[in-house]
Amino acid sequence: MTGSPDLLASLSKIEKMDIDPYSGNLFTYVYETGDKKLRNIQHKALNMFYDRNALDFTTFKSAAYFEKEIVRFAKSISNANEEVLGTLTYGGTESILLTVKSARDLFRKRKGKEEVPEIVLPSSGHPAWEKGAEYFDLKLKIVPIDRESKKVSLESLKSAINDRTALVVASAPNFPYGTIDPVKEMGQITRDMGVLLHVDACVGGFILPFFERLGEKVPVYDFREEGVTSISMDTHKYGYSLKGSSVLLFRNPEMKKYSNYINISWPSYIFVNTSILSSRSVGPMASAWTAINYLGMDGYQSLTKKVLSARKYLFKELSKLGFKSTAPLESSILSMYNENVDLFSFVYGMQKRSWHLEIQKAIQDLVPYNMHMTLSPVHKKLSKPFIQAARDTINSPPDPDFKKLMDGLSAGDLSGLMTMIADGNINPAMLVKLLEQIPEESAKEMANEIVNGVFR
Ligand SMILES: Cc1ncc(COP(=O)(O)O)c(C=O)c1O
């Protein structure tokens, strides 16, 4: 079988199971520039370094080299001073988990191990924060966001902080609505109360600086605010690197120490991890370095221009079709609702026309059902066909089978859904509708069963 061409044929078949990640037909999960030259050189970089193990950056010195260079660039666009130290992780979630672990250990050092430390998180914050709280045994306190601004309510934030607070989180921007929490005001509060403030700029870290350069109004969210103690920013999002890298920056070198893991007592070599994972490929680091050096400041700026132009066009044209934004436009994310169309049918119709959109929850007194669009540079040239498809979908009658399934679900009839699951054909929009009709704990359990089913 070694080297069998059948394997390549099989891989080509398997590849067709997926949506083409370069197509620009989706608005989450991938950040596509549309620049094939960049993609090719990154794949070359990935290949060249894939078999090197970043676990030992003294043997594979390229790992330390790439990490230092990438961190240097991340610092330069985040207004970090010399003191700030960084770590390269494998993704936003890993950066967040490391932040939680460091905050917990710093809290324990200051207050002892008796108290359960707390994280204060705006309700628009990413699930990785709850995951971190679960993994590392912290208590999560979720505070509401304001109905109009979709930013954290400062009053609620203030009253949630106490002497057990280990960490407060701001997003720049948050994923659901794309708004930027009021980091300046939050920093004032956390400084006064002596607690850490992390800015989750996993999405915004590599694009907001270029919004600013292009003259867009961006509220201060980085190290210019003295209260900010750490920032996560993902190279594999708007840094346009291949998947597998994110940067975590610490204002205080002591915090980085709490994120490092060192073991000198086991019987083998001196064991050092600067991230959660241990053995890991240098490939994604090489890819991130390549993206940064290929693009440079001007390259990032011109890609950001494309994102802004896509946002302007899509917002204008979707508005003409009756869509409204759930929030003020502050970043590269759109979240839109439409009171005149059934959003579930719309998203289904768009899917039939090869456009993949996610539906976000309706939340009482906050938002109706809305669709999420994280925009990439490639969307600039695709905005027109997207709008044509949207117009066509709205003007066509809804698919009767889909409507029947959704009506059935609303009436508690699960049979249609179960058939789809059995066929391995899960429609995320249907799951949203199904799971919200069940009490949260049961819905979680059901989702868990469905997931196990997928991998059976
Ligand atoms: C605001 C925010 N933080 C963190 C993450 C987690 O990043 P990753 O998927 O790279 O783990 C995401 C992912 O979309 C995000 O939107």
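What you see is a predicted model, and the numbers here were worked out from it, not measured in a lab. (Residues numbered from 1 in each chain as written. Predicted model: local features only at pLDDT ≥ 70, side-chain atom pairs only at ≥ 80, totals over all residues.)

## Things to note about the overall build of the protein chain
No. 1: Summing up its helical and strand segments, the protein chain has 16 helices and 13 strands in all.
No. 2: Here the C-alpha atoms of the protein chain give a radius of gyration of 23 Å, agreeing with the 23 Å that 2.2 N^0.38 yields for 456 residues.
No. 3: C-alpha atoms of the protein chain, sized along the principal axes, occupy 65 × 60 × 50 Å.
No. 4: Looking at the 456 residues of the protein chain, the share that counts as buried comes to 44%.
No. 5: Long-range contacts, defined as pairs at least 24 residues apart, comprise 71% of the intrachain contacts of the protein chain with a sequence gap of at least 6. (Helix = DSSP H or I, 4+ residues; strand = E, 2+ residues; numbered from the N terminus. Rg over C-alpha atoms; globule rule 2.2 N^0.38 Å. Buried ≥ 20, exposed ≤ 12 C-beta atoms within 10 Å, placed from the backbone. Contact = placed C-beta atoms within 7 Å.)

## A word on the sheet that holds strand 5 (residues 196–200)
No. 1: Pairing in this open sheet of 7 strands is mixed, and the strands run 1-7-6-5-4-2-3 from one edge to the other. Looking at strand neighbours, the two that pair on one side only are strand 1 (85–89) and strand 3 (139–143), the edges of this open sheet. The average angle at which neighbouring strand axes cross in this sheet is 20°, direction not considered.
No. 2: Bridge analysis of strand 2 (residues 118–122) against strand 3 gives 5 bridges, and the strand direction is parallel. Within strand 3, the position partnered with Pro122 by the bridge is Val143.
No. 3: Taken strand by strand, helix 4 (residues 92–111) contacts strand 1, strand 2, strand 4 (165–171), strand 5, strand 6 (230–233) and strand 7 (246–250), and its axis lies near 25° from that of strand 7. (Pairing = 2+ DSSP bridges. Axes fitted to C-alpha atoms, helices over the stretch in contact; angles between N-to-C directions.)

## A short note on the packing of helix 10 (residues 283–320) against helix 12 (residues 379–395)
No. 1: Helix 12 packs onto helix 10 with a crossing angle of 15° between their chain directions and a minimal axis gap of 9 Å. As far as their axial angle goes, helix 12 and helix 10 are roughly parallel. Seen from above, helix 10 lies across helix 12 with right-handed handedness. Across from Lys306, Ser309, Ala310, Tyr313, Leu314, Glu317 and Leu318 in helix 10, the residues of helix 12 making contact are His379, Lys380, Ser383, Ile387 and Ala390.
No. 2: Taken together, the residues of the contact of helix 10 with helix 12 break down into 6 nonpolar, 3 polar and 3 charged. (Parallel < 35°, antiparallel > 145°, perpendicular 65-115°, else oblique. Left-handed = near helix turned anticlockwise from the far one by under 90°. Nonpolar A, V, L, I, M, F, W, Y, C, P; charged D, E, K, R; others polar.)

## What about the sheet that holds strand 13 (residues 370–374)?
No. 1: As summarised here, the arrangement of the 4 strands in space is 10-11-13-12, forming an open sheet in which the pairing is antiparallel. Of all the strands in the sheet, just strand 10 (324–325) and strand 12 (358–360) have a single pairing partner and so form its edges.
No. 2: Running at roughly 165° to strand 12, helix 11 (residues 343–352) makes contact with strand 11 (333–337), strand 12 and strand 13 of the sheet.

## Observations regarding the site of the ligand
No. 1: Around the ligand sit 14 residues, and of these Gly91, Gly92, Thr93, Phe175 and Cys202 come closest.
No. 2: It is helix 4 that contributes the most residues to the shell around the ligand, 3 residues altogether.
No. 3: For the shell around the ligand, a count of residues per class yields 5 nonpolar, 7 polar and 2 charged. (Near = placed C-beta within 6 Å.)

## Quick look at the pairing of strand 1
No. 1: Most of strand 1 is tucked away: 5 of the 5 residues are buried.
No. 2: Burial along strand 1 is two-sided: Leu85, Thr87 and Thr89 facing one way and Gly86 and Leu88 facing the other are all buried.

## Observations regarding helix 3 (residues 61–76)
Every α-helix winds through 3.6 residues per turn, so residues three or four apart in the chain are directed the same way.
No. 1: With 16 residues, helix 3 should reach 22 Å at 1.5 Å per residue; the first-to-last C-alpha distance of 23 Å fits that figure.
No. 2: Inspection of helix 3 places Ala63, Phe66, Glu67, Ile70, Phe73, Ala74 and Lys75 among the buried residues, and these make up the whole buried set.
No. 3: Those residues of helix 3 hidden inside the fold are in contact with strand 1, strand 6, strand 7 and helix 10. (Expected span 1.5 Å × (residues − 1).)

## Digging into helix 16 (residues 440–454)
No. 1: Spanning 15 residues, helix 16 covers 21 Å between terminal C-alpha atoms, matching the ideal 21 Å at 1.5 Å per step.
No. 2: With 0 of 15 residues buried, helix 16 is to be regarded as a mostly surface element.

## Some remarks on the pairing of strand 13
No. 1: Burial runs high along strand 13: 4 of the 5 residues are buried.
No. 2: As defined by bridge partners, strand 11 adjoins strand 13 across 4 bridges and the pair is classed as antiparallel. Residue pairing across strands places Ile333 opposite Thr374, the latter belonging to strand 13.
No. 3: Where strand 12 lies against strand 13, 3 bridges are found, and the strand directions are antiparallel. The partner of Gln360 across the bridge, within strand 13, is Asn370.

## Concerning the environment of Val199
No. 1: Along the chain, Val199 turns up in strand 5.
No. 2: Taking C-alpha positions, Val199 is 8.1 Å from Thr229, a pair spaced 30 residues apart along the chain.

## Brief notes about the domain arrangement of the protein chain
No. 1: Partitioning the protein chain into structural domains gives domain 1 (42–291) and domain 2 (400–454).
No. 2: Each of domain 1 and domain 2 has a C-alpha centre, and these two points are 35 Å apart. (Domains from an automatic or database assignment.)

## Observations concerning the nonpolar core
No. 1: Within the largest apolar cluster, 110 residues are counted, with the highest numbers of intra-cluster contacts made by Ile70, Ile119, Leu167, Met285 and Val347.
No. 2: The dominant element in this core, judged by the number of residues it contributes, is helix 10, at 13 residues.
No. 3: Taken domain by domain, the makeup of this core includes at least three residues from each of domain 1 (42–291) and domain 2 (400–454).
No. 4: Here Leu167 is in contact with Val100, Ala103, Ile119, Val195, Leu196 and His198, once residues within four sequence places are set aside. (Core = buried A, V, L, I, M, F, W, Y, C linked by C-beta atoms within 7 Å.)

## Description of unusual backbone geometry
No. 1: In this chain, Ala172 is followed by Pro173 through a cis amide linkage whose omega measures -10°.
No. 2: Summarising the element assignment, Pro173 is placed in the loop between strand 4 and helix 7 (183–193).
No. 3: Located in the positive-phi region is Tyr240, a residue other than glycine, with phi close to 60°.
No. 4: Tracing the sequence through the fold places Tyr240 in the loop between strand 6 and strand 7.
No. 5: Positioned with a positive phi, Asp365 is a non-glycine residue whose angle comes to about 65°.
No. 6: Looking at the element boundaries, Asp365 is found in the loop between strand 12 and strand 13.
No. 7: Given 6 C-beta atoms within 10 Å, Asp365 falls into the exposed group.

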